[in-house]
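Remarks on the overall topology
As a plain string of letters, each chain reads:
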Amino acid sequence: MTATLPVQTVTAPAARRRTIKPTLVIGLLLLLLLVLAALFPRLFTPFSPTDFDYTAILKGPTAKHPFGTDNFGRDVLSRVIHGTRIDLQIAVLTTAFPFVFGTLLGAVTAFRGRWADAVVGRIADLVVVFPFLVLVIAIVAVLGPGLTNMYIAVSAVGWVSYWRLTRGEVLAQKRAEYAQAAQVLGYSPARVLLRHILPNAVTPAIVYLMTDMSLGILLGASLGYLGLGAQPPAPEWGVMVADGKNFMVTAWWISTFPGLALTLAGVTFSLIGDGLADALRPRA
Amino acid sequence: MNTAYVVRRLLQIIPLFLAVMVLIFTLVHLIPGDPVSTLLGDRATDEIVDRANRELGLDKPLIVQFGLFVVQLLHGNLGESINLKVPVLRLIGERLPVTLFLTVYAAFIGILLAVPLAVLAAVKRNTWVDALIRGFFQFGLSLPVFYLGLQLLTLLGARLGLFPIGGYGDTIPEHFSHLFLPALTLGLNLAAVLLRTLRSSVIEVLTAEYVEFARAKGLRTRVVMTRHVLRNALISTVTLLGLNIGALIGGAVITETVFAIPGVGRLMVDAIFSRDYPVVQGLTLVFAVLVALVFLVTDLLHARLDPRAEVA
């Protein structure tokens, strides 16, 4: 939802002294934890995420149910852990297409395209004039609520950032000596672009990908909260926050824990993003 | 600022608006499900549905509908809400001030938090103060708006009773108190977005040669800070706010839903669930026009504050 693009220029393949910051390590460890929870949720959860238990309705946190139970007696901890799979899937699937498509399109239009560059530029101008969330929910409204349609909607809009980042970077790299040299050597344009220029121009897009994954999770959860994303009874974190919103005063745990899980996932990706930005930034 | 630049920038808006209209029109007409049948319910006969479609002009070819849509738009007519039977423009006119109030209030809170903290973090860069400020806002950036809103609403509104729970109120003082929590929610989020970029731009100014020179010629720190550093920080803030207007509007849509505020954001969500085509269409258009105008104003302001920007 936000528009801070970490723009940075990368000088060609000079020797880099890379620094690994503790934030990157912490971020990666947290990611490992999230991935484990997503792959093997049953290792961590004693209960099913969807089974009702009418003998344990709206119970506060206890040793048996550390995060309490909801209004159907479902174990909140189990739902939060099972939700990891859905929300990580949202992070990956809201960004995969925009990243690949936007980056390649940016590379090609910057490298070769006079009219193509102008056309894509106008389309990008059109897309950014709509508030991101408004356009996404308008598209989801057209296609119908649900995760698949949300992925389509985000993909239709999200490529613009990657296109911009990569386009600017390739325009700069194209004039670098090594790129000129590769062209003089007679390599095909495709080879010069894909083998020589793109590897040196993709860093900003990769760094942004991490930020974008955390934005993707927030967006997916926001749509889930509004009722336009994942549909109940799926244990998606945004949906769970919405499920518990009417019980905030009497049973705070239903909404609070999935919200904390969301925040943790967001922090994880932005730590990795910041750490990557530092690690990949060339030092003089 | 030369006139040619202003004229060129204004002319760019026209094809953009045309494209916006085509996009919105196409989008809304791809919506599955027939609004008329939905509205009339299961008991409506085919004949009644046909008549309603004719009255609403939904039986004509798409291209004709688009032509009519543009002609109506040029007359300032956005159509009529299918559910509420009220002109869309009037509906938006009634609700837009609420959303504008909320966004300006939120922007104010956001700037009030972000600018001093960014300057503080920049001055004390790489100390624990800096780390604390950045850590706090890093966390804030990861906190979903709807979740932060819900927690503030429960804690400060419902439990402690410090603020009204949702709604908009009737008088201006009431607006300020009713919208405080939603504006705080949005403002905190905005501050988190602004802080990161502002901090680096303040550091850039602090280490610039002209600031070193100002210091070297013996100007007091306070003068250097207000005349050079803050001034430049505010220029970046204007640009950043402009760039983030879309995010702010998106945030308003969610915040209004959480706090039950009768603004255009909530109207949009309601309209989507009730398949009220003309309202969704009108609102998307108004949002796009609003963002385009803010971009325009930001560009012009930026060109005025920094003459180098006109070249771009």
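The rules we used
- Residues numbered from 1 in each chain as written.
- Chains lettered and ligands numbered in written order.
- Predicted model: local features only at pLDDT ≥ 70, side-chain atom pairs only at ≥ 80, totals over all residues.
- Heavy atoms only, no water.
- Helix = DSSP H or I, 4+ residues; strand = E, 2+ residues; numbered from the N terminus.
- Buried < 20%, exposed > 50% of the residue type's maximum accessible area, 1.4 Å probe, protein only.
- Contact = heavy atoms within 4.5 Å.
- Areas by Shrake-Rupley, 256 points an atom, 1.4 Å probe, with all protein chains shown as cover.
- Lys, Arg positive; Asp, Glu negative; His and termini not counted.
- Charge placed at Lys NZ, Arg CZ, Asp CG, Glu CD.
- Axes fitted to C-alpha atoms, helices over the stretch in contact; angles between N-to-C directions.
- Parallel < 35°, antiparallel > 145°, perpendicular 65-115°, else oblique.
- Nonpolar A, V, L, I, M, F, W, Y, C, P; charged D, E, K, R; others polar.
- pLDDT = per-residue confidence, 0-100.
- Domains from an automatic or database assignment.
- Buried area = accessible area lost by both parts, 1.4 Å probe.
- Salt bridge = Lys/Arg side-chain N within 4 Å of Asp/Glu carboxyl O.
- Polar contact = N/O pair within 3.5 Å; in protein donor to acceptor, adjacent residues only side chain to side chain.
- Patch = residues over 30% accessible without salt bridge, like charges linked within 9 Å, V, L, I, M, F, W, Y side chains within 5 Å.
- Phe/Tyr/Trp six-rings, centres within 6.5 Å; stacked < 30°, edge-to-face > 60°.
- Lys NZ or Arg CZ within 6 Å of the ring centre and 35° of its normal.

1. Here we look at the overall build of chain B
- Summing up its helical and strand segments, chain B has 15 helices and zero strands in all.
- Principal-axis analysis of the C-alpha atoms places the extent of chain B at approximately 85 × 60 × 35 Å.
- Counting the 312 residues in chain B, one finds 48% classified as buried.
- For chain B, contacts bridging at least 24 residues in sequence account for 72% of all contacts bridging at least 6.
- Here chain B displays about 15700 Å² of accessible surface, and carbon together with sulfur accounts for 66% of that area.
- Within chain B, the 21 negative side-chain charges are centred at a point lying 14 Å from the centre of the 25 positive side-chain charges.

2. Structural notes on the packing of helix 11 (residues 209–216) of chain B against helix 12 (residues 221–243) of chain B
Residues and elements named next belong to chain B.
- Where helix 11 contacts helix 12, the axes come no closer than 10 Å and their chain directions differ by 170°. By the criterion of interaxial angle, the relationship of helix 11 to helix 12 is roughly antiparallel. From helix 11, Tyr-210, Val-211, Ala-214 and Arg-215 reach across to helix 12, where they touch Val-224, His-228 and Asn-232.
- In terms of residue class, the contact of helix 11 with helix 12 is made up of four nonpolar, two polar and one charged.

3. A word on the environment of B:Val269
- Along the chain, B:Val269 falls in helix 14 (residues 264–273).
- A residue is classified by how much of its surface remains accessible, and B:Val269, at 6% relative accessible area, is buried.
- Taking the C-alpha atoms as reference points, B:Val269 and B:Thr257, 12 residues apart in sequence, are found 7.8 Å from one another.
- Those residues in contact with B:Val269 that sit more than four places away from it in its chain are A:Leu226, B:Val253 and B:Thr257.

4. A short note on the side chain of A:Thr166
- Relative to the elements of secondary structure, A:Thr166 occurs in helix 6 (residues 147–174).
- Apart from residues no more than four positions distant in its own chain, A:Thr166 is found in contact with A:Thr103, A:Gly106, A:Ala107, A:Leu198 and A:Ala205.

5. Focus: the confidence of the model for chain A
- Residues of chain A with pLDDT of at least 70 account for 92%, and the chain-wide mean is 87.
- Every residue in residues 12–16 of chain A scores below 50 in pLDDT, and together they form 10 contacts with partners more than four places removed in sequence or on other chains.

6. Digging into the domain arrangement of chain A
All names here are of chain A.
- Once the domains are mapped, chain A shows domain 1 (35–93 + 210–280) and domain 2 (96–208).
- Taking only C-alpha atoms, the centre of domain 1 and the centre of domain 2 are 32 Å apart.
- If you look at the interface, domain 1 gives 21 residues, while domain 2 gives 17 residues.
- For the domain 1 face of the interface with domain 2, the top three residues by lost area are Leu-93, Leu-219 and Leu-228, together amounting to 31%.

7. A word on the interface of chain B and chain A
- Each partner contributes to the interface: chain B provides 46 residues, whereas chain A provides 42 residues.
- A combined buried area of about 3800 Å² lies between chain B and chain A, and 78% of that area is made up of carbon and sulfur atoms.
- In this assembly, chain B and chain A are joined by one salt bridge.
- Measuring nitrogen to oxygen at the nearest pair gives 3.3 Å for the salt bridge that ties A:Asp274 to B:Arg196.
- One can count six residue pairs in polar contact (both at pLDDT 80 or more) joining chain B with chain A.
- For the side of chain B that touches chain A, the secondary-structure elements that each account for two or more residues are helix 2 (13–28), helix 7 (128–142), helix 8 (145–159), helix 10 (180–206), helix 13 (245–259), helix 14 and helix 15 (277–305) of chain B.
- Its residues placed into classes, the side of chain B that touches chain A shows 33 nonpolar, 11 polar and two charged.

8. Quick look at a negative patch on the surface
Residues and elements named next belong to chain B.
- A cluster of acidic side chains, namely Asp-46, Glu-47, Asp-50 and Asp-59, defines a negative patch on the protein surface.
- Tracing the sequence through the fold places Glu-47 in helix 4 (residues 46–56).
- Under the relative-accessibility criterion, Glu-47 is labelled exposed at 63%.

9. Quick notes on the pattern of salt bridges
Residue and element names in this part refer to chain A.
- This model, assessed by the stated rule, comprises 11 salt bridges over all chains.
- Of the charged contacts in the structure, one is a salt bridge between Arg-79 and Asp-70, with a shortest N-O distance of 4.0 Å.
- Residues joined by salt bridges that share partners form a network here, namely Asp-70, Arg-74, Arg-79 and Asp-243.

10. Notes on a nonpolar patch on the surface
All names here are of chain A.
- Residues Ile-20, Val-25, Leu-29, Leu-32, Val-35, Leu-36, Leu-39, Phe-40, Leu-43 and Phe-44 make up a contiguous nonpolar surface patch of about 960 Å² in total accessible area.
- Elements supplying a minimum of two residues to the nonpolar patch: helix 1 (22–39) and helix 2 (41–44).
- For the nonpolar patch, the element with the highest residue contribution is helix 1, accounting for six residues.
- Of the residues examined, Val-25 reaches a relative accessible area of 42% and is grouped as partly exposed.

11. Side note on the packing of aromatic side chains
- In the structure shown here, the tally under the stated rule is 18 aromatic pairs over all chains.
- Ring centres 5.7 Å apart and planes at 45° place the aromatic pair A:Trp252 and A:Phe257 in the tilted group.
- Each ring, one from B:Phe101 and one from B:Phe176, has its centre 5.1 Å from the other, and the planes form 65°; the classification is edge-to-face. Of this pair, B:Phe101 sits in helix 6 (residues 88–123) while B:Phe176 sits in helix 9 (residues 172–178), and the two are 75 residues apart along the sequence.
- The class for B:Phe176 is partly exposed, based on a relative accessible area of 40%.
- Sitting over the ring of A:Tyr187, A:Arg191 keeps its end group 4.1 Å from the ring centre.
- Above the face of the A:Tyr225 ring, A:Lys245 is positioned so that its terminal group lies 5.6 Å from the ring centre.

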